[in-house]
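What follows is the residue order along each chain.
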Amino acid sequence: MTEEMKKIMVTGSVGQIGSELTMLLRKKYGNDNVIATGHRTQPKPELKDSGPFEFINVAKKETIEEVVKKYDIDTVYHMSAILSAVGEKNPHLCWDVNMNGTKNLMDIAIEYEMGQIFIPSSIAAFGPETPIDNTPQETVLKPRTMYGVTKVAGELLCDYYVRRFGLDVRGCRYPGIISNETLPGGGTTDYAVAIYYEAVKNKKYTCFVREDTRLPMMYMPDCLKATIDLMEADFSKLKHYSDFNVTAMSFSAGELADSIKKHIPEFGCTFEPDFRQEIADSWPNSIDDTAAREEWGWEPDYDLEAMTKDMLDALSKRHAEGNLGI
Ligand code: SER
């Protein structure tokens, strides 16, 4: 199949990753070939006006099926999920959306003989018993959050579908993703985004994890690159499918604040941990992504310094235009 013939559906297209991924895919494959879908939240004009948009509920199979039939979808990027912090507030909803959403999509992919689907996992698949530094690809997966439970079960289910049904499903364990277009919703790593917005707007931020909390992170351009590169890899050469470790950088919340202070010297950050501290403490400091590098050539472009400069440039410009969005 040529790239031009792809008919792509993005779930969670109103969310942090989905919104930017949809616009990138539209540029790459043509506006009308990328169907954005969401659940209730109204899409921004940019998303709605540049191509098709449909509301679905991934936990309800028939709502996905309608869109797949209507547009003859052959490729899915499944970006909708309930993240870790919201998942702890509502574990049943988290299971329903994340597990049933994933299974429904894969069952539909088989039924409609789709080409490929992308189903992301997360560093939330790891838990307190996992080696915390340079976490290996193959390791203990005993998460303590419902989000993490759904991610581990999702990885296992994806691999099962590859082996049992020959489905082409791929995914990576995203670290915390930092971006400046759409705010993340309900994750533990959200502080690493909010800190930039507050630094630009108010020159101060109260961070909900401790200063020494260190987590693996990635800037959005690298997240999009990882997603597209993995989808473009030769499936027959992959040894892993849906559970690739990927990372770009690791920093503590204190180091993040310091990187902002280099540009905004008056920026002040205080640290007041809440329930998300325990979640952050159960995740690795850094992860080893050798398998992704070897199997499909993964290589990130941004480190903390480059990301901070880019984030502050983008957000300062928007703030000056009165368009920061918070
Ligand atoms: N960013 C996610 C969260 O914090 C992790 O995948 O829940």
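Residues numbered from 1 in each chain as written. Predicted model: local features only at pLDDT ≥ 70, side-chain atom pairs only at ≥ 80, totals over all residues. Heavy atoms only, no water.

## Overview of the overall build of the chain
Link 1 in the chain: Looking only at helices and strands, the chain features 12 helices and 14 strands.
Link 2 in the chain: For a compact globule of 326 residues, the expected C-alpha radius of gyration is about 20 Å, and the chain comes in at 19 Å, within 12% of that figure.
Link 3 in the chain: For the chain, the residues scored as buried account for 58% of the 326 residues in total.
Link 4 in the chain: For the chain, contacts bridging at least 24 residues in sequence account for 78% of all contacts bridging at least 6. (Helix = DSSP H or I, 4+ residues; strand = E, 2+ residues; numbered from the N terminus. Rg over C-alpha atoms; globule rule 2.2 N^0.38 Å. Buried < 20%, exposed > 50% of the residue type's maximum accessible area, 1.4 Å probe, protein only. Contact = heavy atoms within 4.5 Å.)

## Thoughts on the sheet that holds strand β1 (residues 8–11)
Link 1 in the chain: Pairing in this open sheet of six strands is parallel, and the strands run β3-β2-β1-β4-β5-β7 from one edge to the other. Strands with a single pairing partner mark the edges of an open sheet, and in this sheet they are β3 (53–55) and β7 (169–170).
Link 2 in the chain: As defined by bridge partners, strand β2 (residues 34–38) adjoins β3 across three bridges and the pair is classed as parallel. Bridge pairing in β3 places Thr 37 opposite Glu 54.
Link 3 in the chain: Helix-sheet contacts for helix α5 (residues 91–111) involve β1, β4 (75–78), β5 (116–118) and β7, and the interaxial angle to β4 is about 175°. (Pairing = 2+ DSSP bridges. Axes fitted to C-alpha atoms, helices over the stretch in contact; angles between N-to-C directions.)

## So, a nonpolar patch on the surface
Link 1 in the chain: A grouping of Ile 110, Tyr 160 and Phe 165 is seen on the molecular surface, where their side chains present a nonpolar patch of about 270 Å² in accessible area.
Link 2 in the chain: For Tyr 160, the position within the fold is in helix α6 (residues 146–165). (Patch = residues over 30% accessible without salt bridge, like charges linked within 9 Å, V, L, I, M, F, W, Y side chains within 5 Å. Areas by Shrake-Rupley, 256 points an atom, 1.4 Å probe, with all protein chains shown as cover. Salt bridge = Lys/Arg side-chain N within 4 Å of Asp/Glu carboxyl O.)

## Here's the deal with the sheet that holds strand β13 (residues 249–252)
Link 1 in the chain: Strand order in this open sheet of three strands is β9-β11-β13, and the pairing throughout is mixed. Only two strands of the sheet have a single neighbouring strand rather than two, namely β9 (176–178) and β13. Recorded for the sheet is a direction-independent mean angle of 45° between the axes of neighbouring strands.
Link 2 in the chain: Where β9 lies against strand β11 (residues 214–219), three bridges are found, and the strand directions are parallel.

## With respect to the nonpolar core
Link 1 in the chain: In terms of nonpolar packing, the biggest core is built from 96 residues, with Ile 178, Tyr 191, Tyr 196 and Trp 296 touching the most fellow members.
Link 2 in the chain: If one sorts the elements of this core by residue count, helix α7 (residues 191–202) sits on top with eight residues.
Link 3 in the chain: Those residues in contact with Tyr 191, other than ones at most four positions away along the chain, are Tyr 205, Cys 207, Phe 208, Val 209, Thr 213, Leu 215, Met 217, Ala 253 and Leu 256. (Core = buried A, V, L, I, M, F, W, Y, C linked by side-chain atoms within 4.5 Å.)

## Let's talk about the packing of helix α1 (residues 16–29) against helix α8 (residues 220–232)
Link 1 in the chain: Contact geometry for α1 and α8: axes closest at 10 Å, N-to-C directions at 55°. Relative to α8, α1 is oriented oblique. Relative to α8, α1 is oriented so that their crossing is right-handed. Across the interface between the two elements, Gln 16, Ile 17, Glu 20, Leu 21, Leu 24, Leu 25, Lys 28 and Tyr 29 of α1 pack against Met 220, Cys 223, Leu 224, Thr 227, Ile 228 and Glu 232 of α8.
Link 2 in the chain: Grouping the constituent residues of the contact of α1 with α8 by class yields nine nonpolar, two polar and three charged. (Parallel < 35°, antiparallel > 145°, perpendicular 65-115°, else oblique. Left-handed = near helix turned anticlockwise from the far one by under 90°. Nonpolar A, V, L, I, M, F, W, Y, C, P; charged D, E, K, R; others polar.)

## Overview of the pattern of salt bridges
Opposite charge on two side chains lets them pair, provided their charged atoms get close.
Link 1 in the chain: Scanning all chains against the criterion turns up 18 salt bridges.
Link 2 in the chain: A salt bridge links Asp 212 to Arg 210, with the nearest nitrogen and oxygen atoms 2.9 Å apart.
Link 3 in the chain: Note on Asp 212: relative accessible area 52%, which makes it exposed.
Link 4 in the chain: Residue Arg 210 is classed as partly exposed on the basis of its relative accessible area of 34%.
Link 5 in the chain: In this structure, Arg 293 engages Asp 289 in a salt bridge whose closest nitrogen and oxygen atoms are separated by 2.8 Å.

## Describing the packing of aromatic side chains
Link 1 in the chain: This structure, assessed with the given rule, holds 11 aromatic pairs.
Link 2 in the chain: Note on Tyr 219 and Tyr 302: the rings are 4.9 Å apart at their centroids and 75° apart in plane angle, and the pair reads as edge-to-face. Taken together, the residues span a long stretch of sequence, with Tyr 219 in strand β11 and Tyr 302 in the loop between α11 (290–296) and α12 (304–320) at a distance of 83 residues.
Link 3 in the chain: Cluster of aromatic residues (ring-pair linked, three or more members): Tyr 77, Phe 118 and Tyr 174.
Link 4 in the chain: A cation sits over an aromatic face here: Lys 89 above Phe 275, 4.1 Å from the ring centre.
Link 5 in the chain: Residue placement shows Arg 276 over the ring face of Phe 208; its charged tip is 3.4 Å from the ring centre. (Phe/Tyr/Trp six-rings, centres within 6.5 Å; stacked < 30°, edge-to-face > 60°. Lys NZ or Arg CZ within 6 Å of the ring centre and 35° of its normal.)

By themselves, these observations are geometric and do not establish any function.
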